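# Residue-level structure breakdown
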Amino acid sequence: MNDTVIVGVDGSPHSLAAVDTAAREARLRGAGLRIVHAFSHAADLDPMIHGALAQAEQRAADLFPDLEIARTVAAGDTLTVLQSESRHAVLAVVGSRGHSGFGDLLLGSTVVKLAAHGYCPVMVVRGRPAPEGPVLLAVDGSEAGAAAVGFAFRECALRGAPLVAMHVWNTWSEPTPYAGPADPLNVVVDLDQLRETHERLLADAVAAERAARPEVPVELRAERGRVRHALLEASKDAQLLVTGARGHGGFTGLLLGSVSQALLYHADCPVVVVRHRE
C-alpha cells in the first residue's frame, strides 16, 4: 500500500483513539491503513500487545468495513520504525500520550525528530474529541513553510472546510534596521508600516494555492501578539492545526523550542507538522 496512513499503536487509550482518527484520515484520502507497533526487546512483545493490535484493527474495521488494513510489528526504537514506515505513507498519526514502545513519543525530542526526518506529514492527535471548524494554518512566509500551505489547502478541499491562514507578528521579533551601538530600545517602530508588511507577507504566502483552489474559502488573519498564545487560542475553534517544521520571524524555532511544545501539548485540536523537502 503505497498510499497509506500509518498509526503508532501501543495499546494505550490514546493510541487507540489515534487509530480511530487514522482510519478516518485513510478513508478521507482513499488510502489504506497500516497499524504499527515497535518493540526494543523481545520481552516487550508480550501477548497483550498482539491483543491490542487486534483490538486496534477491529476498531478501524468497525468504523470502515471496506478499509484496507495491515499490521506491522517491528524491532527497533519508535523513531526508527515510524520513520521507515513513513517512506510509503501519506500521513503518520500518533497519539498525544502512550506507554511501552510509544510511551516517550511526546517526551523529549522523538516527535520533533520524526517531523524533521520523516518522509510524510505527522499528525499528533490531541485536544477536544471530534473537533469541528476551519483548518488553521500557521503562516510564517518562509520558503520552508510553503509545503504546509499546500497541505492545508488540500486538507480543506478534502474536508469541505474553510481555511484560516494565520500569521502572528510582534515588534520584538523584528530585526533592527540599524547596525552599530545604537540602543534598540530607542528605535522608533512604525506599527502601521509593520502591519502592512505582515499582511502582505501573509497574502503572498497563500496567493498561489488560493488561485489554484478557488473553491476553498480563505480568511487571512494577520495578528499582532504572542505566537504561542495566539495559535493556541485559535486552535479552540479549529478542526486541525497545520504548521511547517521550521519558521522564521515570529515563528523562530517553531518545532525546536517552547512554541512547539505548547502546540503539541496544549493545542485544542490535532496538530499536523509538514516538513519542507528539498
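Scroll up to find the structure this text is about.
Residues numbered from 1 in each chain as written. Predicted model: local features only at pLDDT ≥ 70, side-chain atom pairs only at ≥ 80, totals over all residues. Heavy atoms only, no water.

Further remarks concern the pairing of strand 2 (residues 32-39). With respect to burial, strand 2 is a largely interior element, seven of its eight residues being buried. Two elements, strand 1 (residues 4-8) and strand 2, share five bridges in a ladder whose sense is parallel. Residue pairing in the sheet places V5 in a bridge with L33 of strand 2. Note on the crossover from strand 1 through helix 1 (residues 13-29) to strand 2: the handedness is right-handed. Bridging between strand 2 and strand 3 (residues 69-75) involves seven bridges; their strand directions are parallel. Within the sheet, the bridge partner assigned to R34 lies in strand 3 and is A70. (Buried < 20%, exposed > 50% of the residue type's maximum accessible area, 1.4 Å probe, protein only. Helix = DSSP H or I, 4+ residues; strand = E, 2+ residues; numbered from the N terminus. Pairing = 2+ DSSP bridges. Right-handed = clockwise from strand over helix to strand, strands pointing away.)

Read from one edge to the other, the open sheet built from 10 strands follows the order 3-2-1-4-5-10-9-6-7-8, with strand pairing classed as mixed. Both edges of this open sheet fall to strand 3 and strand 8 (218-224), since each of them pairs with a single strand only. The mean angle between the axes of side-by-side strands here comes to 25°, regardless of whether they run parallel or antiparallel. With respect to the sheet, helix 5 (residues 146-159) is in contact with strand 4 (89-95), strand 5 (122-125), strand 6 (135-138), strand 7 (163-169), strand 8, strand 9 (240-244) and strand 10 (271-274), its orientation differing from that of strand 9 by roughly 155°. (Axes fitted to C-alpha atoms, helices over the stretch in contact; angles between N-to-C directions. Contact = heavy atoms within 4.5 Å.)

Checked against the element boundaries, S142 lands in the loop between strand 6 and helix 5. The sequence separation of S142 and A205 amounts to 63 residues, and the corresponding C-alpha distance is 8.0 Å. Within polar-contact distance, the side chain of S142 engages the backbone nitrogen of G145 at 3.1 Å. (Polar contact = N/O pair within 3.5 Å; in protein donor to acceptor, adjacent residues only side chain to side chain.)

The next subject is the pairing of strand 6. Side-chain alternation along strand 6 places V135 and L137 on one buried face and L136 and A138 on a second face that is also buried. In this fold, the crossover linking strand 6 to strand 7 by way of helix 5 has right-handed handedness. Bridge analysis of strand 6 against strand 9 gives three bridges, and the strand direction is parallel. Paired with V135 across the two strands is L240, which belongs to strand 9.

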